[in-house]
Amino acid sequence: MGWKRNRRKSGGENRSIDTNALGIGIATGAYALSFGAISVASGLSVLQTQSLSLFMFTGASQFAFVGVIGAGGGAVIAVVTALLLGARNSLYALSLGPVLTPKRKEVPYTALLTIDESTAMAFRYNASKKASRRAFFATGLSVYVFWNIGTALGSLGASALSDPGVLGLDAAIPAGFLALLWPRLTAGSSSENRKMWTVAVASAGLAMMLIPFLRPGLPVLFSALVAVAASLMWSKSSRPAGGN
Amino acid sequence: MWASILIASFGTYVEKLLGYLLPQGILERESVRRMTGLLPVSLLAALVAVQTFASDQAFLIDARILGLGVAVVALLLRAPFLVVIIAAAASTALIRWLGWMP
């Protein structure tokens, strides 16, 4: 792939990209250990768990999918929740298109590797198209490899236990979602963070109120209405009336 | 189970693919950009709440809330992901083993 070339000119930057990509890969691989364990504790087999990491390859959607299944929400709600969480990858791909300019035959694997981490790295190394491409593919591949190794170790480890609940794995699930949510609440400007917190608290509150009335999984889907309402409200107030 | 895994995997892949195939103009719509940014916040926050307090269709406070509290502290201390999760699970397991919370 493209990043093998051009070593002489920008060796220092390339090394920095590769080191960061490797570090991010190892960190998410460690996180995949818990995904593998939680997935098996939620009732999926080792092979089913691995398929999610190989083919879905987007952490939040994978966690949500097994979380809904484990809570008894059923397959349909699990699929819809995973798709709603994955919608942000469309946005990443849209904004990456002009940066990476993948050739037609590169699009299938470029798409698979389009995740939070590879997108962030592509935009972080934006000095040249080559640097962006290298950052994107090095990070994407590194995370893909370590994410799948971590998943396998976690699921095999958990399937060796007789009762994963004893290890507090049911508490690991909300902690995992919180760890995924946290950067979105703290990374922006203070006014942006305040908006994110408002949406998060309103969504959590709505979902909790709905627990007794709806079957498992549905309260989470209904909470998406908060995001829809907030985005309509805030995009209307942030520009003049009469636009399309 | 296999059918839903394949459908969900295919669907999330198509979402990624669509971004490279759709015209760029969609990005200019502020509401679209906002919504895709806010959806994960809504869904993840709701998942945190439900996975902490729901037991089937009942509202239940048990040792999971302690695990979540420990996770918040770990995140405030900028602990790495895996430490956050292990701390949450270990504290929950410990308090159950001690018999202080169900």
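I will try to describe carefully the structure that is included in this document. What you see is a predicted model; the values in this text were computed from it and never measured.

Parameters at a glance
Residues numbered from 1 in each chain as written. Chains lettered and ligands numbered in written order. Predicted model: local features only at pLDDT ≥ 70, side-chain atom pairs only at ≥ 80, totals over all residues. Heavy atoms only, no water. Contact = heavy atoms within 4.5 Å. Buried area = accessible area lost by both parts, 1.4 Å probe. Salt bridge = Lys/Arg side-chain N within 4 Å of Asp/Glu carboxyl O. Polar contact = N/O pair within 3.5 Å; in protein donor to acceptor, adjacent residues only side chain to side chain. Helix = DSSP H or I, 4+ residues; strand = E, 2+ residues; numbered from the N terminus. Nonpolar A, V, L, I, M, F, W, Y, C, P; charged D, E, K, R; others polar. Buried < 20%, exposed > 50% of the residue type's maximum accessible area, 1.4 Å probe, protein only.

### Notes on the interface of chain A and chain B
- At the interface, 98 residues of chain A touch 64 residues of chain B.
- For the pair chain A and chain B, the summed buried surface comes to about 6900 Å²; carbon and sulfur atoms form 77% of the total.
- Our enumeration of links across chain A and chain B arrives at two salt bridges.
- Arg96(B) serves as the salt-bridge partner of Asp170(A), at 2.7 Å between the closest nitrogen and oxygen.
- Joining chain A to chain B, the criterion identifies twelve residue pairs in polar contact (both at pLDDT 80 or more).
- Elements supplying a minimum of two residues to the side of chain A that touches chain B: α1 (11-41), α2 (46-56), α3 (59-70), α4 (75-100), α5 (107-112), α8 (169-186), α9 (190-210) and α10 (218-237) of chain A.
- Broken down by element, the residue count for the side of chain A that touches chain B peaks at 20 residues, all from α4(A).
- Within the side of chain A that touches chain B, the residues separate by chemical class into 70 nonpolar, 22 polar and six charged.

### Describing the pattern of salt bridges
- Per the stated rule, a full pass over the model turns up seven salt bridges over all chains.
- For Arg34(B), the salt bridge goes to Glu192(A), with nearest N and O atoms at 3.5 Å. You can see Arg34(B) sitting in helix α2 (residues 30-53) and its partner Glu192(A) sitting in helix α9, one on each of two chains.
- Under the relative-accessibility criterion, Glu192(A) is labelled partly exposed at 26%.
- Residues joined by salt bridges that share partners form a network here, namely Arg88(A), Asp116(A) and Arg184(A).

### Brief notes about α2(A)
- Along α2(A), the residues that are buried comprise Gln48(A), Thr49(A), Gln50(A), Ser51(A), Leu52(A), Ser53(A) and Met56(A).
- Where α2(A) is buried, its residues meet α1, α3, α4 and α7 (129-159) of chain A together with α1 (2-21) of chain B.

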